[in-house]
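Per-entry structural report
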Amino acid sequence: MFRKILVANRGEIACRVMRTAKRMGIATVAVYSDADADAPHVRMADESVRLGPAPAAESYLRADLILLAAKETGADCIHPGYGFLSERAEFARTCAEAGIAFVGPPPEAIAAMGDKIESKKLAKEAGVNVVPGFLGEIASTEDAVRIAGDIGYPVMMKASAGGGGKGMRLAWSEADVREGFEATKREGLASFGDDRVFIEKFIQSPRHIEIQVLGDQHGNLVYLGERECSIQRRHQKVVEEAPSPFVTPEMRRRMGEQAVALARAVGYFSAGTVELIVSGADPSGESFYFLEMNTRLQVEHPVTEAITGLDLVEQMIRVAAGEPLAFGQDDVTLTGWAIENRVYAEDPYRGFLPSTGRLVRYRPPPARDGVRVDDGVREGGEVSIYYDPMIAKLVTHADTRLAAIDAQVHALDRFEIDGLGTNIDFLSALMQHPRFREGALTTGFIAEEFPEGFTGAAPSPELQRRLAAIASVLDATYAARAARIEGQLSGPISPATDRVVTLGDARFETRVEPFEGGQLVRFADGGTIELVGHWRPGEPLFAAMLDDEPLVVRVARIRGGWRLIARGAAHRVGVLPPHVAALTRHMIEKVPPDLSRLLLCPMPGLLTRLHVAPGDRVEAGQPLAVVEAMKMENILRSQKAGTVKSVNAAEGESLMVDAVILELE
């Protein structure tokens, strides 16, 4: 077994690998950029080596510096994690030449599967189902238009070396191909150094299902069930689960056997994933097709670990050390259900734009009772513009799918993150969505169910009533503390317990009465709620039992009431004494300013293209500018027709969020 492992990565996955290595008694080495000098993975490691400046191209992508760090620290193996150098065949080959074990597949297998065009040809030869399409090189936009027309719309344009949702465009028409082909090439070149693009038929009502394979260097290969990864946004996975609610045991066997056949055809060993696109419109399960093989550990590997009881990182290390698998296909069992949500630094209320900055507060839910949190951040740390904005992975495991989903909802309510926007509300809304709970999933789920964007999960009447009860108790507790302040001009006061509570269009009249062990909230309509829980003013979280049902709420005091965050939305709850509430009808409503004449930069990024100049006439929906952030191109369009009055930014300029790019008149 190895003595010392260098983890050629950062963040969550670096911490994940180190936890297993330490349990196995293997010393750990971290590498870091200047942006990560004080990061958790650096603190966790036994040793650490600086690579260079913050940009990945000058640090985590420098194979020469990583190999030098391994030699200087005496590391006898390197785990690449995912991303960065994990699927670079040349890096794996260079490690072998240096006498350092690469914890992953052989370089020949990485090269064979890394080229999306060649991998599909290999898959077809191995007897694996492939999607109809054109697998040759496409030289120009005109060629792309002709090929797409021959295949038949809709089609998907993909960067040959792509992955992680980058370098992909869906085209429903010739116009989409003309607009997106060159952008796909540019994203492929910027992200992967390869601008080749291929086109294939887009499977409608598609489900994204992947098979986890694991092999050793002695020819043993097994599959570890499937993962359902259909909940995606812009081709980036958001929610993963294992097993899939769509896959039958017979489908699992056929998919698994094809995945193993492909892995065997390229001499694969270590952990790997065969991704499939499956037609959800075909209940027979016959319509599944090979997409690509990821020759590395997947982000979503914890859900497979949860249902199989295996540590995939440990298995990878043992395989790299030459050990044979200690089990065969018949020994693989799937127990229970696991769900993983990716917590991102992004603002779902602003079109899921990246949100960078400092984690002023970071308190994940406790890791117990089937809850697992994999992260690589800490309170006070930065989420920078240089790397992926994922903060953590929240995994729940339970006996049934619905139990695992409900555990996600409760755990998401307990997540405390301040300082930047996160997608926690959106994830909670997904978990509560009836269609998700039914398992009726496709890769278009988010676009179909949230066509106008995300504005928060709408509270049910029952939840509104429970929030009204909590707000009443919070306000009564706050008023009771204020009443104990000494030296009040009118002497000691007895705070009123009657409240008028408003939440959206709902209005409640409440009275709070203490009882042994808690407080009773009486409603004017005759209903009551027994609330048990202790909250002190200033605490950001209130965990309560309402009629023996748990509810955890994030709490903030605001003018005229409370801001309560729970169950996928931030709720502004007005709480006033009855005599004050009666006067609110005299308040003048504040109308927000009209910003539609301004083109604002929606995120920190680089203005790469500006399509208009002062005096130009524009129409609603017309592309005006392109901003690049996180290596993704974002086309900014006009909200209305008008004439460009002024342009306030230039191509090549770095912009802050809400910077005014141009103004219409």
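Quick note: structure is the one above.
Now for a description of the structure that goes with this document.

What counts as what
- Residues numbered from 1 in each chain as written.
- Predicted model: local features only at pLDDT ≥ 70, side-chain atom pairs only at ≥ 80, totals over all residues.
- Heavy atoms only, no water.
- Core = buried A, V, L, I, M, F, W, Y, C linked by side-chain atoms within 4.5 Å.
- Buried < 20%, exposed > 50% of the residue type's maximum accessible area, 1.4 Å probe, protein only.
- Helix = DSSP H or I, 4+ residues; strand = E, 2+ residues; numbered from the N terminus.
- Contact = heavy atoms within 4.5 Å.
- Polar contact = N/O pair within 3.5 Å; in protein donor to acceptor, adjacent residues only side chain to side chain.
- Axes fitted to C-alpha atoms, helices over the stretch in contact; angles between N-to-C directions.
- Parallel < 35°, antiparallel > 145°, perpendicular 65-115°, else oblique.
- Left-handed = near helix turned anticlockwise from the far one by under 90°.
- Nonpolar A, V, L, I, M, F, W, Y, C, P; charged D, E, K, R; others polar.
- Salt bridge = Lys/Arg side-chain N within 4 Å of Asp/Glu carboxyl O.
- 1 Å grid on protein atoms, 1.4 Å probe; cavity = no way out; pocket = protein on both sides within 12 Å on 5 of 7 lines; lining within 4 Å.
- Points joined across faces, edges and corners; volume = space filled by probe spheres on them.
- Pairing = 2+ DSSP bridges.
- Patch = residues over 30% accessible without salt bridge, like charges linked within 9 Å, V, L, I, M, F, W, Y side chains within 5 Å.
- Areas by Shrake-Rupley, 256 points an atom, 1.4 Å probe, with all protein chains shown as cover.
- Lys, Arg positive; Asp, Glu negative; His and termini not counted.
- Charge placed at Lys NZ, Arg CZ, Asp CG, Glu CD.

Turning our attention to the nonpolar core. One finds I231, Y362, I391, F415, I417, L430 and M431 to be the most contacted residues of the largest nonpolar core, which totals 39 residues. Of all the secondary structure elements, the ones that give two or more residues to this core are β12 (236-242), β15 (337-344), β20 (371-375), β22 (390-398), α12 (401-414), α13 (424-432) and α15 (445-449). Among the elements that take part in this core, α13 stands out by supplying six residues, more than any other. Excluding its chain neighbours within four sequence positions, the residues that come into contact with M431 are V239, I339, N341, I405, Q408, V409, L412, F436 and R437. Counting residues in each nonpolar core, the second largest holds 35 residues, with I5, V7, L214 and V313 among its members.

Note on placement: N341 falls in strand β15. In this structure the side chain of N341 is engaged in a polar contact, spanning 2.7 Å, whose partner is the side chain of Q408. When near neighbours in sequence (up to four residues on either side) are disregarded, N341 contacts V238, V239, A392, K393, L394, Q408, L412, L427 and M431.

So, on to the packing of helix α3 (residues 63-73) against helix α4 (residues 89-97). At a minimum axis distance of 11 Å, the contact between α3 and α4 shows a crossing angle of 30 degrees. When the interaxial angle is binned, α3 and α4 end up roughly parallel. You can see that α3 and α4 cross each other, and the crossing is right-handed. Residues A63, I66 and L67 of α3 pack against F91, T94 and C95 of α4. The class makeup of the residues in the contact of α3 with α4 is five nonpolar, one polar and no charged.

What follows deals with the pattern of salt bridges. This structure, assessed with the given rule, holds 65 salt bridges. Linking E47 and K4 is a salt bridge whose minimum nitrogen-to-oxygen distance equals 2.5 Å. Highlighted residues: E47 in strand β3 (residues 47-52) and K4 in strand β1 (residues 4-7), separated in sequence by 43 residues. Assessed through its relative accessible area of 30%, E47 is described here as partly exposed. For K4, a relative accessible area of 15% corresponds to the buried category. Notably, a salt bridge pairs R507 with E509, separated by 3.1 Å at the nearest N-O pair. A residue is classified by how much of its surface remains accessible, and E509, at 41% relative accessible area, is partly exposed. Several salt bridges converge on common partners, so that one network encompasses R16, R19, R23, E305, D311, E314, R318, E323, R372 and D374.

Empty space within the second largest pocket amounts to approximately 480 Å³. Around the second largest pocket, the lining is made up of 14 residues, and of these G560, R572, L576, T584 and M587 lie nearest the centre. Of all the elements in the fold, those that place two or more residues in the lining of the second largest pocket are β24 (498-503), β31 (569-576) and α17 (578-581). The residue inventory of the lining of the second largest pocket, partitioned by class, reads seven nonpolar, four polar and three charged.

Reading across the sheet, the four strands line up as β36-β35-β33-β38 and stay open at both edges, with antiparallel pairing between neighbours. Each edge of the open sheet is held by one strand with a lone partner, namely β36 (632-637) and β38 (654-655). Looking at chain direction, strand β33 (residues 605-610) and strand β35 (residues 623-629) are connected through four bridges and run antiparallel. Considered in β35, the bridge of L610 is made with A625.

This part covers the environment of Q212. Within the fold, Q212 resides in strand β10 (residues 206-215). Using a relative accessible area of 1% as the deciding quantity, one classes Q212 as buried. Not counting residues within four places of it along the chain, the set of residues in contact with Q212 comprises V222, Y223, L224, G225, R227, A271, G272, T273, T304 and L312. Reaching out from Q212, the side chain makes a polar contact with the backbone oxygen of G272 at a distance of 3.0 Å.

Residue P154 is reached from Y153 by a cis peptide bond, and omega for that bond is 0 degrees. Along the chain, P154 falls in the loop between α7 (141-151) and β7 (155-163). Here the residue pair A242 and P243 is connected by a cis peptide bond, since its omega of -5 degrees sits within 30 degrees of zero. Relative to the helices and strands, P243 is located in the loop between β12 and α9 (249-265). Despite not being glycine, S270 shows a phi value in the positive range, around 85 degrees.

We now examine a negative patch on the surface. A cluster of acidic residues, E462, E530, D547, D548 and E549, forms a negative patch on the protein surface. Turning to its location among the elements, D548 is positioned in the loop between β28 (541-546) and β29 (549-558). Assessed through its relative accessible area of 67%, D548 is described here as exposed.

Strand order in the closed barrel made by the eight strands is β24-β25-β26-β27-β28-β29-β30-β31, with antiparallel pairing throughout. With strand direction ignored, the average angle separating the axes of adjacent strands in the sheet is 35 degrees. Relative to strand β27 (residues 528-532), strand β26 (residues 518-523) runs antiparallel, the two sharing four bridges. If you follow V521 over to β27, its bridge partner there is I529. Contacting β24, β25 (506-515), β26, β27, β28, β29, β30 (561-566) and β31, helix α16 (residues 461-483) runs over the sheet at an angle of about 55 degrees to β29.

In this section: the pairing of β25. In this structure, β24 lies alongside β25, joined through six bridges in antiparallel fashion. Note that in β25 the partner of L503 across the bridge is A506. In terms of strand pairing, β25 meets β26 through six bridges, oriented antiparallel. Paired with F515 across the two strands is G518, which belongs to β26.

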